[in-house]
Amino acid sequence: MDVELVVTFVLGGGTAVLFAVMAFKLWHGKWLNLIAGNYFVTKEEAKSPEQRQLGRRVAVVVVPCAIMCALIPVAAVAEALGLQAVQLATYVLVGISAVVMVALIVRLFVVGHREQRAAEERLLAQDPSQEDNVRLNHLQTRVIYGFLAFMLIVYLAVAAYGALTS
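One structure accompanies this document, and this report is about it.

Cut-offs used in this document
- Residues numbered from 1 in each chain as written.
- Predicted model: local features only at pLDDT ≥ 70, side-chain atom pairs only at ≥ 80, totals over all residues.
- Heavy atoms only, no water.
- Core = buried A, V, L, I, M, F, W, Y, C linked by side-chain atoms within 4.5 Å.
- Buried < 20%, exposed > 50% of the residue type's maximum accessible area, 1.4 Å probe, protein only.
- Helix = DSSP H or I, 4+ residues; strand = E, 2+ residues; numbered from the N terminus.
- Contact = heavy atoms within 4.5 Å.
- Patch = residues over 30% accessible without salt bridge, like charges linked within 9 Å, V, L, I, M, F, W, Y side chains within 5 Å.
- Areas by Shrake-Rupley, 256 points an atom, 1.4 Å probe, with all protein chains shown as cover.
- Salt bridge = Lys/Arg side-chain N within 4 Å of Asp/Glu carboxyl O.
- Lys, Arg positive; Asp, Glu negative; His and termini not counted.
- Charge placed at Lys NZ, Arg CZ, Asp CG, Glu CD.
- Axes fitted to C-alpha atoms, helices over the stretch in contact; angles between N-to-C directions.
- Parallel < 35°, antiparallel > 145°, perpendicular 65-115°, else oblique.
- Nonpolar A, V, L, I, M, F, W, Y, C, P; charged D, E, K, R; others polar.

**Considerations on the nonpolar core**
Nonpolar side chains tend toward joint burial in soluble globular proteins.
Step number 1: Counting 16 residues, the largest nonpolar core has L26, L32, I35, V58, V62 and M101 as the members making the most contacts within it.
Step number 2: Considering every element that reaches this core, the biggest residue donor is helix α3 (residues 49-81), with 6 residues.
Step number 3: Non-local contacts of V62, meaning those with residues more than four positions away in its chain, are made with F19, M22, A23 and L26.

**Examining a positive patch on the surface**
Step number 1: A grouping of K30, K43, K47 and R52 is seen on the molecular surface, where their side chains present a positively charged patch.
Step number 2: Residue position: K47 is located in the loop between α2 (43-46) and α3.
Step number 3: With relative accessibility at 72%, the residue K47 sits in the exposed group.

**Regarding the pattern of salt bridges**
It is possible for side chains bearing opposite charge to pair when their charged atoms get close.
Step number 1: Taken as a whole and judged by the stated rule, the model has 3 salt bridges.
Step number 2: We note a salt bridge from E131 to R135, for which the minimum N-O separation is 3.1 Å. Remark: R135 and E131 occur in helix α5 (residues 131-165); sequence separation between them is 4 residues, near one turn of the helix.
Step number 3: Note on R135: relative accessible area 47%, which makes it partly exposed.
Step number 4: One salt bridge connects R135 with D132, and the closest N-O pair in it is separated by 3.0 Å. Taken together, the residues R135 and D132, both in helix α5 and 3 residues apart, mark about one turn of the helix.
Step number 5: Residue classification places D132 among the exposed residues on the basis of a relative accessible area of 52%.

**So, the packing of helix α4 (residues 84-126) against α5**
Step number 1: Where α4 contacts α5, the axes come no closer than 11 Å and their chain directions differ by 175°. Between α4 and α5, the angle falls in the class roughly antiparallel. Across the interface between the two elements, A98, V102, F109, H113, Q116, R117, E120, L123 and L124 of α4 pack against E131, V134, N137, H138, T141, I144, Y145, L148, L152 and Y155 of α5.
Step number 2: Of the residues in the contact of α4 with α5, the class split is 11 nonpolar, 5 polar and 3 charged.

**What to know about unusual backbone geometry**
Most peptide bonds are trans, and most residues other than glycine sit at a negative phi.
Step number 1: Positive phi, normally seen in glycine, also occurs at W31, with a value near 55°.
Step number 2: With respect to the helices, strands and loops of the structure, W31 is situated in the loop between α1 (3-27) and α2.
Step number 3: Judged by its relative accessible area of 38%, W31 is partly exposed.

**Quick notes on a nonpolar patch on the surface**
Step number 1: Together, I144, Y145, F147, L148, F150, M151, V154 and V158 give the surface a local cluster of nonpolar side chains, amounting to about 730 Å² of exposed area.
Step number 2: Topologically, F147 is positioned in helix α5.

Take a look at the structure:
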């Protein structure tokens, strides 16, 4: 067996298992501190329905990542055996998984944004002096969205360049 093929199996398969375990744990309300911005959540707060719902939403996003990683060794074996049809099918499935993952991320942000707006409106109705904090929070959100959009553009540009040069 080729060393490159073994490394592909270890990295692709290992990462797929890691993402699958992560999705399982997040779905069941564990490992919620792995979610960005959730590191300092107390154990009591982590048991809240909102945190559990957040864990489930993130778990759903992690599943396509596990699928993509699991397909890496399949594509490598197909290439080693000269099975171009299987290799092409795995690449198509990776592309579909990537599109599904991006759609789920967008959904995650849209739902989160709606919930955050509703919470901010309730806060401002109770305490109008919090307007500056809400405005700062909006600025932080725009920076995060801008960074994510930049990363997506770079990813798509690299993918397009790779597709055009091969």
